[in-house]
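Spelled out from the first residue to the last, the chains are:
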Amino acid sequence: MAETVPSGLLEACVVLGVSNERLKELVLLQGEVEEPLVEAEVLQVHAPPFVTKESSRNAAQHFSRAQRRRSFKKKREQPVSTISASNQTKEPVVSGSDDLSVPQSIDLIALPQLCFPDGLRITGESREDYYHFLVFTDVFGNQTHGVVAQYCRPVHCVTDNGIYQNGLRLNKLQRLFTTYSICIISKYPYYNALRDCLSSFLLQLKTSRMCEFEEQVKEFSAKLALVPIPPPGPLHVVFNLRPFQIELPSRLDVDRPVMDLDLHLPFLCFKPKQILQIISSILMEQRVVFLSTDWARLTLFAECFMIFIHPLRWQHPFVPVLSRQMLDFIMAPTAFLMGCHTAHFKEVAEELDDLVVIDLDQGTVLSSISNRLELPDVPMTARDCFIFRGEGLQLHYDLDVCCAGSRTDINELRAHRRQWQHKVNTVILNITMELIVNIFSEVCDFLNYEHRVFNSEEFLRSREATDHKFYKKVLDTHIFHSFLRDRLNRKNDAFTRMQLNIRSETRRMRALTESPHRPMMEGICKYVRPENGLNSRLGVSMPNLADHRLLAVPVRQTSMRTMPFHSGSWSPSRPIKTFKLPEFPPPLAYQYVQIYYNDLIKELSKAISTATPDDSALLARYYYLRGLVNSVAGKRVDALGDFQSLYKTDMDIFPAKLLNVLVESLPVEERRMAERRPDLNRLISQVKRENEQERARPIDDGTVKRFELPKKHLHMEDFVQRVQESGIVKDQGTIQRLFEALTVGQQKQVDPETFCFFYNFWKETEAAAQDVDLPVIVLEHLVKDECVYKLSSSVKTSHGVGKIAMTQRRLFLLTEGRPGYVEITKFRDIEDVKISSTPFLLLRIPTLKITTSLRKETFEANLKSECDLWHLMIKEMWAGRKMADEHKDPQFMEQALTNALLMDAVVGCLQSQKAIFAATKLAYFDKKKLEVPMMVPKTTSETLKHKINPSLDQTSPQAVDVLLYTPGQLSVSSLDGGGNPKLWCALSNGKVLVFDAASWSMQKNSVQVGKSRLNCMLAVNQQQLWIGSKDSFIYIINPRSVSCNKQLTEHRCEVTGLALEERTDKFSQTLAYSCSEDGSVIVWDVSTLQVRRQFRVSCHRLQSVQIHTGMLWCCGGDCVLEVRRNGTVHRKVSLPDHLLGSPRGFSCFLLFNESEQLWTGLADAGELCVCDCRDLNKPFIRIQLKDCTGVVCMIRVKNQIWVGCQGKTRGKIYVVNTERYTVEKELMAHDDSVQTLCSAEDRYVLSGAARADGKIGIWKVE
């Protein structure tokens, strides 16, 4: 939702200069002092509201100016004479009793110094107009922006005795000139637009009389107050201020600021390497000073660099313009970013020795004490990529228009220049965002989201040694702390989107594994393959799951230097539309302002009526603007209607704060009118509910903890949290077994010393594995994702002397002397592992013996004291490999590897007689194979192709409640979110995951849709995917952007089913049906998201709906109803007689078009009931499902029915022949009930299990 309440373009307009009284004194002194320096004063302040309706205090609140402003009174000892061009005395510009309405965020005391940073002088000649820019920051960090125009006017001073100069009466009038400043202050940094506004206004001022000055400024200010700010997105606002047509660009995203400046300016003054130095100094929170002889450059360049570091935000004083009187600010002991005139800085430079001095005129970046800047460089990978991109920028507009003809229309010329600038800005935004992603992308891998912990030490270990100085400085800054807070809050901003887009397939696959942070073989040998992109074989269709290469889990990090660059890669590019405001009325007359608002509402209504429903983003912006204007015009009920439409169209820009103000300000009669409309009543109720939830929500201080070793004894709960924070392992069950291992034979708590020994040993062995230097002859025998995790000491074996190495796939001997490779065995080929003893002189040396299926002879190794540990580790890896192969679940192998490495760490840290016994507590799979049979039934093994675990980033398994497969789109690029098919997976508590169904890799971060269980999904079209929730909402996800910004809130109870009625012809509308538990059915127009019909059916707990031959079939617990379009019941199928006492009754149903059959499943019985739709009086055909206690779901695949059930001990899938009504296959699917089934192109069936299992099974269809 939008975070700030929108306001108009103008916050205030302030006129500054010299009063008439002071001018008279200065004219009399003319000649005694050459161009005297004069103190500027505030002469006028104009702030909205400018017009009000006398009969109503609230009718003309301009763009949410609801707060009271403090007043500023300008007191004078004597009356102020006015600036005049005639001999008549006029009213003073600011009288002693004037009450100037001043916004709270503006300090008028400092404003004269900022508007005249060089001082104000009375001169004998006119000067050209001059513009510069200001930024004001309050104590809370909120910024206000100013654009200042300085312009000269001739000054005539009239006295009672004539015209005097130096005490002598003059016969001829001498012309003097003074400078006035007009400062437009806005909440938004519209630097270019406001400069254009002032340029237009100054043309008008130069042809007008001075007596009209105040009224003209007020009228100009009132016009700007009528300009609404466009919401984030693809709609810009355009208005006329002759001779210019001025365009207000919208924010690119909700999380980005307005960007109305030329981002290429720094690239014109600095080389890319110098720009990196400036960015580095900002990221390290140095004391930065910009220097220039041009005041305008200071703010523009400073703002450019604030955009370059987005999403990181500068947290310290930000004063781009310091006047001469403000130079003391540079002495501040804290970090800051300030700017001053080159001549002014020389006064204080000698006293400061730790400033980063950036000279915009000379293009230099230096330290204040030397000619070099001694700061760590940006990491090399990011640096090289940025320099390469920066050097390729095309930054000269004149070069682009060499071949173009001269444009005769000034607005056409300006529009062409804006288009060019927009294109350049987009490229620069991508380059700078890519830089930030390259620097900080890996930070997310060292975050613990559950406990809000960042493991900084491990992150530093993972960086190149040459980059440590840079990261050590950055990691301790406020700017980085704020960035961490956003990452832990899972903020979906431009950084996140680019990070996901440039992350390679291997990088995404890494996120799905629980493999400890050991290097791959390619990482060890520093060998980088050229193919860093996606596998070229991945296409639009489903993958061949028999290809084991697709199911491998590579973990290698991809170098950012080799990543392809795509324009707009952080956000899909969208065409920009403009909305032109009506011509401004006389802005100081209330009735004309109301006419203007009515004309604006009519234009917006016309735009809404002509917008296509498919372009929901543009439609939402029109709703936003019309709701905003309606609220300002006093049409509050109409405004609520617009915001209700916006709520259903795009929640991202929904102005929640403005709506709160609007609802609270509703008069009694208007509130009654709103409550009589069901849609508005729901909106008001929703606002109240969210306000109550906001008040009840505990205050989150947003702290980010750094991982620290414990200093006190840890009980089980504290131990689990501390291990999760360390990043060693996340699974709660594994950590509990580790706790048992570390507390064997003692009180059930882990002392700090033991934890420290364990943690350090883990890290040391991890580092030792990274230091393994394997010869090329060894690397040739290993696959690309294979890594050595454990290396023994040098031992004597039956294959010679050497070190035994363990990877996640095999054991091999690294021979000594002449380095060589001797394979011992792959884990899947082991037949037996045991310990025996070999006599040696008078001793018997423990020997490890391994029998494999590929060799007749037994491998023997005299491992001595290491024998017991290796025995445990190999047995665990063997058992994990067997279970992974049998169950087609690679996670078993990853978990077994984790168990084995934890055994090693436990033995290493305990160093006692009980160490081996303690390590046996971690032998999970070795024990499990004794408790349950490892062999999977042949039918299940042949049908099951693969399993994936969507809960790997969770501390415990989550139920898979709904699965939905959507096919790929050949016409949509991967950057635009299309391309490959997707698998949508709804987990517990409203979390939706998206998998690339061509490789079964995680495609996007999770999307949170509410906090309740999700019951159903429906792919409506390429732009909409509907999800029904237990909280009574229907959430709409955009499948391309994988974001949820729409909701349908008409249901009052849990949404249980969704169905789509295809169009009968190209002129008809697509309709969708939704049902809720209380029996209500709503018919939706998909294109407009409006309710077409609504009715209620009588049944116990309505569970699902389907469309069949133009009729709606509804499944309740006690019956299945065939319903006409108007909601009347046509036919009813009741429970079979033998199940009339069933507490839950029907659980699901299917309709067959060919055989006109109705198939139903029972929630409390292990059987299916088949009914003939042509004659409902015929008895049911009953199909018994062996060992089934209840049917949960079923789908049709070809001519089969796949039924997901809760078995007596496990979740089962039954494949039923629809012709013979017999069970063809009984599949042992999951360790818990099968919650959902979906078909993927009739080639595969995907099953999701309940919480105790929490996995997705992929089954082959025959």
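Cut-offs and rules
- Residues numbered from 1 in each chain as written.
- Predicted model: local features only at pLDDT ≥ 70, side-chain atom pairs only at ≥ 80, totals over all residues.
- Heavy atoms only, no water.
- Salt bridge = Lys/Arg side-chain N within 4 Å of Asp/Glu carboxyl O.
- Helix = DSSP H or I, 4+ residues; strand = E, 2+ residues; numbered from the N terminus.
- Core = buried A, V, L, I, M, F, W, Y, C linked by side-chain atoms within 4.5 Å.
- Buried < 20%, exposed > 50% of the residue type's maximum accessible area, 1.4 Å probe, protein only.
- Contact = heavy atoms within 4.5 Å.
- Pairing = 2+ DSSP bridges.
- Axes fitted to C-alpha atoms, helices over the stretch in contact; angles between N-to-C directions.
- Phe/Tyr/Trp six-rings, centres within 6.5 Å; stacked < 30°, edge-to-face > 60°.
- pLDDT = per-residue confidence, 0-100.
- Parallel < 35°, antiparallel > 145°, perpendicular 65-115°, else oblique.
- Left-handed = near helix turned anticlockwise from the far one by under 90°.
- Nonpolar A, V, L, I, M, F, W, Y, C, P; charged D, E, K, R; others polar.

Peer 1: Is there a simple way to explain the pattern of salt bridges in this structure?
Peer 2: It is possible for side chains of opposite charge to pair when their charged atoms get near one another. Inspection of the entire model under this criterion finds 57 salt bridges. Glu1061 is the salt-bridge partner of Arg1125, the closest N and O atoms lying 2.4 Å from each other. Taken together, the positions of Arg1125 in the loop between β46 (1119-1123) and β47 (1129-1134) and Glu1061 in strand β40 (residues 1055-1061) put the pair 64 residues apart, joining distant regions of the chain. When the shortest N-O distance is used, the salt bridge between Arg1131 and Glu1122 registers 2.5 Å. Through salt bridges with shared partners, a single network forms among Glu458, Arg461, Lys763 and Glu766.

Peer 1: What's the story with the nonpolar core in this structure? I'm lost.
Peer 2: A general feature of soluble globular proteins is that nonpolar side chains tend to end up buried together. Membership of the largest hydrophobic core comes to 202 residues, with the highest contact counts inside it found for Phe239, Ile330 and Phe440. Once you skip the residues sitting within four places of it in the chain, Phe440 turns out to touch Leu283, Leu312, Val474, Phe480, Phe483 and Phe495. In terms of nonpolar packing, the next biggest core, distinct from the first, is built from 65 residues, Leu714, Ala741, Val744 and Phe925 among them.

Peer 1: Looking at this model, I keep getting lost on the sheet that holds strand β3 (residues 41-46). Mind explaining?
Peer 2: What holds strands together in a sheet is hydrogen bonding between their backbones, with the strands either parallel or antiparallel. With antiparallel pairing, 5 strands are arranged side by side in an open sheet as β3-β1-β11-β8-β7. Every other strand in the sheet has two partners, leaving β3 and β7 (130-137) as the edge strands with one partner each. If you compare each strand with its neighbour and ignore which way they point, the axes differ by 25° on average. Two strands pair when backbone bridges link them, and β7 and strand β8 (residues 143-155) are joined in this way by 8 bridges, in the antiparallel orientation. Paired with Tyr130 across the bridge in β8 is Gln150. Docked against the sheet, helix α7 (residues 295-308) engages β7 and β8, running at close to 45° with respect to β7.

Peer 1: How should the packing of aromatic side chains be read in this particular structure?
Peer 2: Think of a pair of aromatic rings as described by two things: how far the centres are apart, and how the planes are tilted against each other in angle. Scanning the entire structure with this criterion turns up 34 aromatic pairs. A centroid spacing of 5.5 Å and a plane angle of 75° characterise the contact between Phe133 and Tyr191, whose relative ring orientation is edge-to-face. In this pair, Phe133 sits in strand β7 while Tyr191 sits in helix α3 (residues 191-205), placing the two residues 58 residues apart along the sequence. In this structure Phe133 comes out as buried when scored by relative accessible area, which is 1%. According to the relative accessible area criterion, Tyr191 is buried, its value standing at 1%. Seen from their ring centres, Phe201 and Phe220 are 4.3 Å apart, and the 10° between their planes marks the pair as stacked. Highlighted residues: Phe201 in helix α3 and Phe220 in helix α4 (residues 213-225), separated in sequence by 19 residues. You can call Phe201 buried: its relative accessible area is 2%.

Peer 1: Help me out: how do you make sense of the confidence of the model for the protein in this one?
Peer 2: Detailed reading of the predicted coordinates is not advisable wherever pLDDT is low. Chain-level statistics for the protein give a pLDDT mean of 83 and a share of 84% at 70 or above. Between residues 1-5, whose pLDDT stays under 50, and residues either more than four places distant or in other chains, the model counts 17 contacts. Here residues 504-517 is modelled with pLDDT under 50, and outside its nearest four sequence neighbours on either side it reaches 53 contacts, counting other chains as well.

Peer 1: Would you mind showing me how to read unusual backbone geometry here?
Peer 2: Comment: phi is negative for the bulk of residues other than glycine, and the bulk of peptide bonds are trans. Residue Pro49 is bonded to the preceding Pro48 through a cis peptide linkage, with omega at 5°. Looking at where Pro49 falls in the secondary structure, it is placed in the loop between β3 and β4 (71-73). One non-glycine residue, Arg452, lies in the positive phi region at around 55°. Inspection of the secondary structure puts Arg452 in the loop between β19 (447-448) and β20 (453-454).

Peer 1: Would you explain the pairing of strand β12 (residues 235-241) in this entry?
Peer 2: A large share of β12 lies buried, amounting to 7 of its 7 residues. Of the two faces of β12, both are covered, the one formed by Leu235, Val237, Phe239 and Leu241 as well as the one formed by His236, Val238 and Asn240. In this structure, β12 lies alongside strand β13 (residues 244-248), joined through 5 bridges in antiparallel fashion. Within the sheet, the bridge partner assigned to Phe239 lies in β13 and is Ile246.

Peer 1: Whenever I open this one, the sheet that holds strand β50 (residues 1167-1172) confuses me. Can you help?
Peer 2: Ordered in space as β48-β49-β50-β51, the 4 strands form an open sheet in which the pairing is antiparallel. Of all strands in the sheet, those bounded by a partner on one side alone are β48 (1146-1152) and β51 (1181-1184). Neighbour to neighbour, the strand axes of the sheet diverge by 20° on average, direction disregarded. In terms of strand pairing, β50 meets β51 through 4 bridges, oriented antiparallel. Within β51, the position partnered with Glu1167 by the bridge is Gln1184.

Peer 1: Honestly, the packing of helix α29 (residues 867-887) against helix α32 (residues 924-931) in this entry has me stumped. Any pointers?
Peer 2: Packing of α29 against α32 leaves a shortest axis separation of 7 Å and a crossing angle of 55°. Taken together, the axes of α29 and α32 are oblique relative to one another. Crossing handedness for the pair α29 and α32: left-handed. In this structure, α29 contributes Lys875, Glu876, Trp878, Ala879, Gly880 and Met883 to the contact, and α32 contributes Tyr924, Phe925, Asp926, Lys928 and Lys929. Residues of the contact of α29 with α32, tallied by class, amount to 5 nonpolar, 1 polar and 5 charged.

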